[in-house]
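# Examining the three-dimensional arrangement
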Amino acid sequence: MGYSLNFAAVWRSFDLLLEGLALSLGLAFAAILVGCVIGLATAFGLVSKNIAFRKPAGLYVTVIRNTPILVLVLFSYFALPQLGVRLGKIESFVLTLAIYSGAYLAEVFRGGLLSVPPGQREAGLAIGLTEMQIRTSIILPLMLRNVLPSLSSTMISLFKDTSLAAAIAVPELTFEARKINVETFRVIETWIVASCLYVATCSVLAALLRAVERRLAVPR
Amino acid sequence: MTQTLLEIRDLHKRYGAVEVLKGVDCTMAQGEVISIIGSSGSGKTTMLRCINMLEEFQGGSIRIDGQEIGYETVGGVRRRKKEKEIARQRAMTGMAFQQFNLFPHMTAARNVMLGLIKVRGMGRDEARSVAEKWLDRVGLLSRMDHYPGQLSGGQQQRVAIARAIAMNPKLMLFDEVTSALDPELVNEVLQVIKGLAEDGMSMLLVTHEMRFAYEVSTRVIFMNQGRIGEEGNPREMFVKPQTKRLAEFLKSSSFN
Amino acid sequence: MDFPAFLDQLWLARIPLLKGLGVSISISFLSIVVGTVLGVFVGLALTYGYRPVQWIVRGYTDFIRGTPVLVLVLASYYVLSTVGIDLGPFQAGILALSIFCSSHVGELVRGALQAIPKGQTEAAKAIGLTFPQTFAYVLGPQALRQALPAWVNTAAEMVKASTLLSIIGVAELLLRTQELISRTFMSLEFYFFAGFLYFVINYSIERFGRYVERKTAVPS
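Being a predicted model, the structure only gives us computed values, none of them experimental.

## Observations concerning the interface of chain A and chain C
- At the junction of the two partners, chain A supplies 33 residues and chain C supplies 34 residues.
- For the pair chain A and chain C, the summed buried area comes to about 3,100 Å², and 72% of that belongs to carbon and sulfur atoms.
- Run the count over chain A and chain C and you get 0 salt bridges.
- The interface formed by chain A and chain C includes 11 residue pairs in polar contact (both at pLDDT 80 or more).
- Looking at the side of chain A that touches chain C, the elements that each hand over two or more residues are helix H3 (51-65), helix H4 (69-79), helix H8 (173-184) and helix H9 (187-216) of chain A.
- When residues of the side of chain A that touches chain C are assigned to their parent elements, the largest contribution, 8 residues, is made by H9 of chain A.
- For the side of chain A that touches chain C, the residue count by class is 22 nonpolar, 8 polar and 3 charged.

Okay, structure coming up:
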C-alpha cells in the first residue's frame, strides 16, 4: 500500500474546515431555534383534546419522520422554485432543517408534556392562574427539565444532519472536506480531520447540555 | 344571624354515563368547619372539586358569597363562564391536595409567592413578606428557601396549605390532605388545620381522620352514593348515627 | 402542474425507477443485515467484554455516532480506493451504512442487556446454569424483546440513509429521480413522487414496528 500519512496539506486548509464547521454550527443553531418553536407548538397540538389540532400535528410529524431528509433538502431547493418559492441555498437549508427538526422535537416535547403530572395544572388552577399562566410558569419549566436528556441527543443528531447541506453546495464542513479531498488527494487525512471535528463538536455540545441539565436540576 | 358563604343547590355531576353526584344540596355559613366523610366513590372529593371548577358539573348551582360559580344562564341557555372569570372565582377558594402538588422547580417561598404575584398582582417584596408570614405560621420559616424535594411529606403539605391560605381565600378546601402521609407526619398537618379553624377560617374538609373530624368540625356531612346521606353535629352523628349506612361506615373506619 | 404529462413521463421512466427502488431496497437490506450482525458483537463486547476491549469498542461506537452518516459514506468511498481496496460506490456505501448501523445496534443491544435486572443472572446461576446457558435461555430472549421495536426503527433509519448513496453516484431511487428530473424538468412532481415512495416504505416499517412492540410485550 503506497500511501503514507501526511497531514501538512490538510493543515494548510484547516482554516477552511474551521470556517465550514462554524457555518455548520450556525445552520444547526438557526434551524434548531426555529425548530423548537415549531416543535413546541406541534407538541401542544399533539396532546390537545381538540381533534382539529391533534390530527394536523400528528400528520406533520408522521410525514416528516418517514421522509429522508436528503429528499426534503433537494425538494426545497430544487422543486419549490417551481411553485414560485425561491430561496438562497442557506435559507432553503435552514428552513428545511427547521421543519425537519420540528417534527422530532415535537415528539420530544410531547413526552415532556405528558411527564408533568396533572396535579401540577390543578394546583395552578386552584390558586387562580389562567391556563396560559400555568403553561409558562409551571408546565414549560418542568417539561424543559424532563426533556433535557433526550433534547440533547436530538440536537446533536440535528447538528450532524447539517452535513446534508453539502448536497446543495452550502460550504459547510462536509462540503469543505470534500473539496480539500478532491484538491489535495490527502484523502485519509482530510476525512480523519473532518470526522474528528464533528466528533469533538458533538462531545462539546453534549457536555454543554449536560452542564445545563445539572444547573437546572431541581434540588432534592 | 351569620352570613351564608356557600350555597350548593341540586348539584349533578356525570362522567359519561355514570352519575357520581345525584343532587347535592348544602348550605354553609361563614366560619363553619364542615367535614365530609364517606366511603371511596361516594362523591365527596368530586363535590369538593366542583366548588372550584376543577370538575365541570352538568346540573345545579354553586354560589359563593352570592356569586354563581362556573356557569351562567343567558337567555335560558346554561354556559360555562369565560376562563378568566373562572380563574378569578377559583381564587376565592383555596385548596390543599392529597398529593400536595407543590411546584417542584420552585422553593417553598416561591410556591407561595406565585399566586400572589400572578393573580393578586403583588410586587415581589410584598409577596415575599406575605409568604414569610404564612410559612412562619405553618412553622416552616426556616425552610422557606428549600425546594419541595428537600422537605418531608408533612412539611410539603404545610407549605401547600400556606400557599393556598396566603391567597386570602373566603373558603378553604382540603382534599384528603393527610392520606398520602406517613402516620408520624399526620399530626403536624392536622395541628395547622386546627389552628386555622380556631382563627375562624371557613373550611370544607374531605377526610378519613374520623377522630379529627369529630374534634374540629362544627358539622359533618356523610356522603353516600352521590347524595348526602346524613348530616349534623359530630357529637350526635358519631355517637348516634341515624342511618344504617353511616353506622356501618363508622364501624368500618377507625373511629371508635 | 401538468398531471397527464407527469404520468406519461412516469410511465416512460418506470423501468429505471423500479431498478432504483430495487437498489435502494438492496442497500437498506444488506446494510441492516451486516450492521446487525456486527452490532450484536459490538453490543456483547460493550456489555461483557474485558475492560480494554470495552474501551476500544466504546471508542469505535462513540466515534461513529459522532460522525454524520454522509461523512462516513464519503470517507468510505474515497478512502478505500486510496488505500487500494477497489470497491465500487455500491459496496463502499453499504460498508459505510453497515458501520453506522452497527454502532446503533450495538448501543441497542447493550441497553437491552443492561436493562435486565441483576437478579435474573443470579437466579440462573442459582439453578446451576452456565453463562452460555444463561445467555441463551434467560438474557438473550429478554434482551431481544426489549430491543426489537427499536431495531425496527433502525431499519427505517437505514432506508432513509440509503438516499445518501446517491451523492457518491449509486443509482438508487433518489439518483434515478434526479436523472429523470434533469431530463423532464419536473422537479416538483418527481421529488414529491420519490418522497412519497420513501414515506410509504418507512410508514409501513413504522407500523410493523408498532405491531412488533405489541407482540413482544411480555403478558402481564
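Next, the rest of the story.
## Some details on the pattern of salt bridges
- Under the counting rule described, the total for this entry stands at 29 salt bridges over all chains.
- Residue lysine 179 of chain A is joined to glutamate 176 of chain A by a salt bridge in which the shortest nitrogen-to-oxygen separation is 3.5 Å. On the criterion of helical spacing, the pair formed by lysine 179 of chain A and glutamate 176 of chain A is a turn pair, its members being 3 residues apart in helix H8.
- The partner of glutamate 176 of chain B in a salt bridge is lysine 44 of chain B, and the shortest N-O contact between them spans 3.9 Å. Here glutamate 176 of chain B, found in the loop between strand E9 (171-175) and helix H6 (183-198), pairs with lysine 44 of chain B, found in helix H1 (residues 44-51); they are 132 residues apart in sequence, far enough to count as distant. Of the two residues, glutamate 176 of chain B and lysine 44 of chain B, both sit in the buried class.
- Taken together, the salt bridges that share partners define one network made up of Glu122 of chain A together with Lys13, Arg49 and Glu55 of chain B.

## Side note on the nonpolar core
- Trp191 of chain A together with Phe174 and Ile193 of chain B are the most contacted members of the largest nonpolar core, which has 203 residues in total.
- The next biggest cluster of nonpolar side chains, apart from the first, holds 11 residues, and it includes Tyr214, Val220, Met237 and Phe249 of chain B.

## Some remarks on the packing of aromatic side chains
- Following the criterion strictly, the structure yields 19 aromatic pairs over all chains and no others.
- A centroid spacing of 6.2 Å and a plane angle of 5° characterise the contact between tryptophan 191 of chain A and tyrosine 78 of chain C, whose relative ring orientation is stacked. Separated into two different chains, tryptophan 191 of chain A in helix H9 and tyrosine 78 of chain C in helix H4 (residues 69-82) make up a pair that spans both.
- Their ring planes at 45° and their centres at 5.8 Å tell us that phenylalanine 3 of chain C and phenylalanine 6 of chain C sit as a pair that is tilted.

## Some remarks on the environment of leucine 205 of chain A
Residue and element names in this part refer to chain A.
- Mapping leucine 205 onto the fold places it in helix H9.
- Under the relative-accessibility criterion, leucine 205 is labelled partly exposed at 23%.
- Along the primary structure leucine 205 and serine 152 are separated by 53 residues, whereas in three dimensions their C-alpha atoms are 8.0 Å apart.

## What about the interface of chain B and chain A?
- Of the residues lining the interface, 25 residues belong to chain B; the matching set on chain A comes to 21 residues.
- Of all residues in chain B, the largest losses of buried area upon contact with chain A belong to Phe103, His105 and Lys118 of chain B, amounting jointly to 25% of the total for that side.
- There are 1 salt bridge connecting chain B and chain A.
- Here glutamate 122 of chain A makes a salt bridge to arginine 49 of chain B, at a shortest N to O gap of 2.7 Å.
- At the boundary of chain B with chain A, the tally comes to 5 residue pairs in polar contact (both at pLDDT 80 or more).
- Those elements giving two or more residues to the side of chain B that touches chain A turn out to be helix H2 (83-90), strand E8 (93-96) and helix H3 (108-118) of chain B.

## Focus on a nonpolar patch on the surface
All names here are of chain C.
- Taken together, the side chains of Phe29, Leu30, Val33, Val34, Val37, Leu38 and Phe41 define a hydrophobic patch exposed on the protein surface, amounting to about 630 Å² of accessible area.
- Topologically, leucine 38 is positioned in helix H2 (residues 14-48).
- What makes leucine 38 partly exposed here is its relative accessible area of 34%.

## Some words on the confidence of the model for chain B
- Of all residues in chain B, 98% attain a pLDDT of 70 or more, and the chain-wide mean is 92.
- Overall fold confidence for the complex sits at a pTM of 0.86, while the interface term, ipTM, reaches 0.89.

## Focus on the packing of helix H2 (residues 14-46) of chain A against H8 of chain A
All names here are of chain A.
- At a closest axis distance of 7 Å, the pairing of H2 and H8 adopts a crossing angle of 155°. It follows that H2 is roughly antiparallel to H8 by the angle criterion. Taking contact as the criterion, the partners of Leu16, Leu17, Gly20, Leu21 and Ser24 in H2 are, on H8, Leu173, Glu176, Ala177 and Ile180.
- Of the residues that constitute the contact of H2 with H8, the class distribution is 6 nonpolar, 2 polar and 1 charged.

Rules used in this analysis
- Residues numbered from 1 in each chain as written.
- Chains lettered and ligands numbered in written order.
- Predicted model: local features only at pLDDT ≥ 70, side-chain atom pairs only at ≥ 80, totals over all residues.
- Heavy atoms only, no water.
- Contact = heavy atoms within 4.5 Å.
- Buried area = accessible area lost by both parts, 1.4 Å probe.
- Salt bridge = Lys/Arg side-chain N within 4 Å of Asp/Glu carboxyl O.
- Polar contact = N/O pair within 3.5 Å; in protein donor to acceptor, adjacent residues only side chain to side chain.
- Helix = DSSP H or I, 4+ residues; strand = E, 2+ residues; numbered from the N terminus.
- Nonpolar A, V, L, I, M, F, W, Y, C, P; charged D, E, K, R; others polar.
- Buried < 20%, exposed > 50% of the residue type's maximum accessible area, 1.4 Å probe, protein only.
- Core = buried A, V, L, I, M, F, W, Y, C linked by side-chain atoms within 4.5 Å.
- Phe/Tyr/Trp six-rings, centres within 6.5 Å; stacked < 30°, edge-to-face > 60°.
- Patch = residues over 30% accessible without salt bridge, like charges linked within 9 Å, V, L, I, M, F, W, Y side chains within 5 Å.
- Areas by Shrake-Rupley, 256 points an atom, 1.4 Å probe, with all protein chains shown as cover.
- pLDDT = per-residue confidence, 0-100.
- Axes fitted to C-alpha atoms, helices over the stretch in contact; angles between N-to-C directions.
- Parallel < 35°, antiparallel > 145°, perpendicular 65-115°, else oblique.

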